[in-house]
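Here is what each chain is made of, one letter per residue.
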Amino acid sequence: MSSTLKAVRGTRDLLPPETALWNRIEATARSVFARYNLGEIRTPVFEDTALFARGVGQETDIVSKEMYTWEDRARAQSEKPQSLTLRPENTAGVVRAYIEHKLGETGQLQKLYYIGPQFRRERPQKGRYRQFSQIGAEVIGPPTAGSESPLRDAEVLEMLATLLDELGITGWTLEINSVGSAADRARYNDVLREALVPIAPKMCIDCQRRAVTNPLRVLDCKVPEDQPLIDALPKIVDSLDDASKAHFASVLAALDAASVPYTRNHRLVRGLDYYTRTTFEFTHGGLGAQNALLGGGRYDGLSEAIGGPKAPGIGFAMGEDRLVLTIQAQEKLAPPQVAQVDAYIAPLGDTKDEAALTRINAAALALARELRRAGLSIELGDGSFRLKKSFENADKVARRIVILGEDELQSGILTVKDFASGTQTKVPRAELAAHLAQPLSA
Ligand code: HAM
């Protein structure tokens, strides 16, 4: 016997009823985004590898260790082989599309959202997968469209607070920081490098290496013994120039005015190279080690880094898998009503009479079609089931059962039982749709 094939490590099948929750999250996100005048963008799931190397940064974990990259063979003499990569994130792709379609030439701010899979070769664990889904948005445009304004940062953060509230996610924390301009960051890197010289030998092996190669990454260290040393390091806010300081102060003032609560996190520098000024994460205690529900920030130089015009922007991506985990954990505490269909149609006939069964099943299908076209959700039973089995099946999935036997077929009067109240009613077929559309009596 050949071995059974399974989904690849770090990838998952999503099945009903869980997929209903995914759809609910996506519908809520789309509804909130529409109110903020965002439009949907769909970019390819794979791109030229150079986009991520130049956009996200060659030295980042994502680009150096986690990408699914392959050499795409040439299929004709005229074609060249090309290095392609499954997108590990979508900001670089959206900015590529912004440049390619000259969206900046409209002079308007582009407010674009996306929902879709991303791919990173990470060590799988709860909340961390190799294929995962992000719901994200980017607000980008020429400076003349107001793309650099701190109001845009605050509006994006306020929208996220609204979206999480509408998803019913409680207990989130908005952590916020500013990483300044590229020049500010270079200055801070030097300050950190200097400050790390005397203490690096007391730190973990990774930090000893980072202290030399990329001091900023020391701030991401999770080793408990290193934490007091890291907390005592100089803070990036002290390396910001006046313009970056003023920008950050305006973002915080607008958040205060909109009553969006936040916590300053001086260590939030984020793992992608394109960030400038505002960076943020929304975390949730219920998620365990992978506690970031979403992350984002400003990327004022990204467009130029990949060959485009000046186009400052700000955006975020939510880990949809993590939204699902958080909502599921909350719903365990307060389970929602199980979604049930409006009615189960139970065709009942003489199980030994093939011809009669065929007739009654066909009539049941016609009735189901009629009711579904009237907007009702219907589960269709099978005439070969006995009465008891039909009731058991119906009780699991539907609010009511509609019995369709020879008598009902002849008389045009159907028997409807409402499971919640236990009441049984005779309903003429012409009134059935209206009857089933009524709210339940109990
Ligand atoms: P990121 O922090 O790399 O940022 O990812 C954003 C979110 O995606 C994370 O907070 C997390 O919820 C989710 N996520 C990341 N990796 C995984 C994984 N392996 N499994 C499950 N969920 C994951 C970005 O991707 C930026 N493009 C965000 C952004 C948009 N910045 C500006 N605009």
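Before any of the text, the structure's been laid out above.
For the structure given in this document, a descriptive report is provided here. (Residues numbered from 1 in each chain as written. Predicted model: local features only at pLDDT ≥ 70, side-chain atom pairs only at ≥ 80, totals over all residues. Heavy atoms only, no water.)

**What about the packing of aromatic side chains?**
Okay, step 1: One pass over the full model with this rule turns up 7 aromatic pairs.
Okay, step 2: Taken together, Phe-33, Tyr-113 and Phe-316 form an aromatic cluster joined through their ring pairs.
Okay, step 3: Above the face of the Tyr-129 ring, Arg-12 is positioned so that its terminal group lies 4.0 Å from the ring centre.
Okay, step 4: Across from the ring centre of Tyr-68, 4.5 Å away, lies the NZ or CZ of Arg-121, which sits over that ring. (Phe/Tyr/Trp six-rings, centres within 6.5 Å; stacked < 30°, edge-to-face > 60°. Lys NZ or Arg CZ within 6 Å of the ring centre and 35° of its normal.)

**Quick notes on the pairing of strand β16 (residues 424-428)**
Okay, step 1: With 5 bridges connecting them, strand β15 (residues 413-418) and β16 associate as antiparallel partners. Each residue of the ladder has a partner; that of Ile-413, found in β16, is Pro-428.
Okay, step 2: Between β15 and the antiparallel strand that follows it, β16, lie 5 residues; Gly-422 among them carries a positive phi value of about 80°. (Pairing = 2+ DSSP bridges. Helix = DSSP H or I, 4+ residues; strand = E, 2+ residues; numbered from the N terminus.)

**Quick notes on the site of the ligand**
Okay, step 1: Surrounding the ligand, one finds 26 residues, the nearest of these being Glu-89, Thr-91, Glu-122, Tyr-129 and Tyr-275.
Okay, step 2: Separating a nitrogen atom of the ligand from a backbone N or O atom of Tyr-129 is a distance of 2.8 Å.
Okay, step 3: One of the side-chain nitrogen or oxygen atoms of Gln-134 is found 3.1 Å away from an oxygen atom of the ligand.
Okay, step 4: Within the complex, the protein chains bury 96% of what would otherwise be the 660 Å² of accessible surface of the ligand.
Okay, step 5: Secondary-structure elements contributing two or more residues to the shell around the ligand are β6 (131-140), β10 (292-298) and β11 (313-319).
Okay, step 6: Take the shell around the ligand: its biggest share by element is 6 residues, from β10.
Okay, step 7: For the shell around the ligand, the residue count by class is 11 nonpolar, 8 polar and 7 charged. (Near = heavy atom within 4 Å. Polar contact = N/O pair within 3.5 Å; in protein donor to acceptor, adjacent residues only side chain to side chain. Areas by Shrake-Rupley, 256 points an atom, 1.4 Å probe, with all protein chains shown as cover. Nonpolar A, V, L, I, M, F, W, Y, C, P; charged D, E, K, R; others polar.)

**Regarding the sheet that holds strand β13 (residues 378-380)**
To summarise the sheet geometry, strands pair through backbone hydrogen bonds and adopt either a parallel or an antiparallel arrangement.
Okay, step 1: In spatial order, the strands read β13-β12-β14-β15-β16; together these 5 strands make up an open sheet with mixed pairing. This sheet does not close on itself; its edge strands, each paired only once, are β13 and β16. Averaged over all pairs of adjacent strands, the angle between their axes in this sheet comes to 25°, without regard to strand direction.
Okay, step 2: One ladder, built from 4 bridges, connects strand β12 (residues 343-347) with strand β14 (residues 400-404); its direction is parallel. Looking at the pairing, Ala-346 lines up with Ile-403 of β14.
Okay, step 3: Against the sheet, helix α15 (residues 429-437) touches β12, β14, β15 and β16, its axis set at about 125° to β16. (Axes fitted to C-alpha atoms, helices over the stretch in contact; angles between N-to-C directions. Contact = heavy atoms within 4.5 Å.)

**Structural notes on the pairing of β11**
Okay, step 1: In terms of burial, β11 is largely enclosed, as 7 of its 7 residues are buried.
Okay, step 2: With burial as the criterion, each face of β11 is covered, one bearing Gly-313, Gly-315, Ala-317 and Gly-319 and the other bearing Ile-314, Phe-316 and Met-318.
Okay, step 3: Bridge analysis of β6 against β11 gives 7 bridges, and the strand direction is antiparallel. Residue pairing for β11: Ile-135 is matched across the bridge by Met-318. (Buried < 20%, exposed > 50% of the residue type's maximum accessible area, 1.4 Å probe, protein only.)

**Some thoughts on the packing of helix α5 (residues 150-166) against helix α9 (residues 242-257)**
When two helices pack together, their arrangement is given by the angle between their axes and by how far apart the axes lie.
Okay, step 1: Where α5 contacts α9, the axes come no closer than 8 Å and their chain directions differ by 40°. As the angle between them shows, α5 and α9 are arranged oblique. Relative to α9, the crossing made by α5 is right-handed. For the pair α5 and α9, the contacting residues are Pro-150, Asp-153, Ala-154 and Leu-157 in the first and His-247, Ser-250, Val-251, Ala-254 and Leu-255 in the second.
Okay, step 2: Residue classes in the contact of α5 with α9 are distributed as 6 nonpolar, 2 polar and 1 charged. (Parallel < 35°, antiparallel > 145°, perpendicular 65-115°, else oblique. Left-handed = near helix turned anticlockwise from the far one by under 90°.)

**A closer look at the nonpolar core**
Okay, step 1: Counting residues in hydrophobic clusters, the biggest one holds 43 residues, and the most contacted among them are Leu-164, Phe-280, Phe-282 and Phe-316.
Okay, step 2: By residue number, the principal contributor to this core is α5, which donates 8 residues.
Okay, step 3: With residues near it in sequence (within four places) discarded, Leu-164 still touches Ile-169, Trp-172, Phe-282, Leu-293, Leu-294, Met-318 and Leu-323.
Okay, step 4: In terms of nonpolar packing, the next biggest core, distinct from the first, is built from 35 residues, Leu-196, Leu-219, Tyr-275 and Ile-306 among them. (Core = buried A, V, L, I, M, F, W, Y, C linked by side-chain atoms within 4.5 Å.)

Remember that the coordinates give geometry; whether it matters functionally is a separate question.
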